[in-house]
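Residues per chain, in single letters:
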Amino acid sequence: MGPLKGLWRDTWWLWFVFAALIVGVSYAVTPFFVILIPIFAVVFVYFSYMRYDDQGRNKGDLM
C-alpha cells in the first residue's frame, strides 16, 4: 500500500486533471473514451510499484 500512497501523494492533482479531461472528451465526443479510466488505473498501479518502495518513498531518493 506504501507505493500507491506515495504516488498519490506526489501526483494526485495530475490524476484529477486526467479524469476531468476524459470525462469532458467523453461527453463532447463519444462515451467510448470512458474506457481510458480503468486503463489509467492500471498505469497508476504499475508506476507506483516501479517508482516507490514499501514505505512510499521514491526509489530515486534511496541512494
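It should be emphasised that the depicted structure is a prediction, and the values quoted were computed from it without experimental measurement.

Engineer: For this particular structure, what's the right way to read helix α1 (residues 2-28)?
Structural biologist: The periodicity of an α-helix, 3.6 residues per turn, causes residues three or four places apart in sequence to face the same way. Here α1 spans 37 Å end to end across 27 residues, near enough to the 39 Å set by a 1.5 Å rise per residue. T11 marks where α1 bends most, by close to 75 degrees. Taken together, the buried positions of α1 are occupied by G2, P3, G6, L7, T11, W15, I22 and S26. Buried residues along α1 sit in contact with α2 (36-51).

Engineer: Would you explain the packing of aromatic side chains in this entry?
Structural biologist: The description of an aromatic ring pair rests on the distance of the ring centres and on the angle between the ring planes. Enumeration according to the criterion identifies eight aromatic pairs in this entry. Ring geometry for W12 versus F16: centroids 6.0 Å apart, planes at 75 degrees, classification edge-to-face. Of this pair, W12 and F16 both sit in helix α1, four residues apart, roughly one helical turn. Pairing W15 with F44 gives two aromatic rings, centres 5.2 Å apart and planes at 90 degrees, and the pair type is edge-to-face.

Rules used throughout
- Residues numbered from 1 in each chain as written.
- Predicted model: local features only at pLDDT ≥ 70, side-chain atom pairs only at ≥ 80, totals over all residues.
- Heavy atoms only, no water.
- Helix = DSSP H or I, 4+ residues; strand = E, 2+ residues; numbered from the N terminus.
- Expected span 1.5 Å × (residues − 1).
- Bend = angle between axes of the 7 residues up to and from the residue.
- Buried < 20%, exposed > 50% of the residue type's maximum accessible area, 1.4 Å probe, protein only.
- Contact = heavy atoms within 4.5 Å.
- Phe/Tyr/Trp six-rings, centres within 6.5 Å; stacked < 30°, edge-to-face > 60°.

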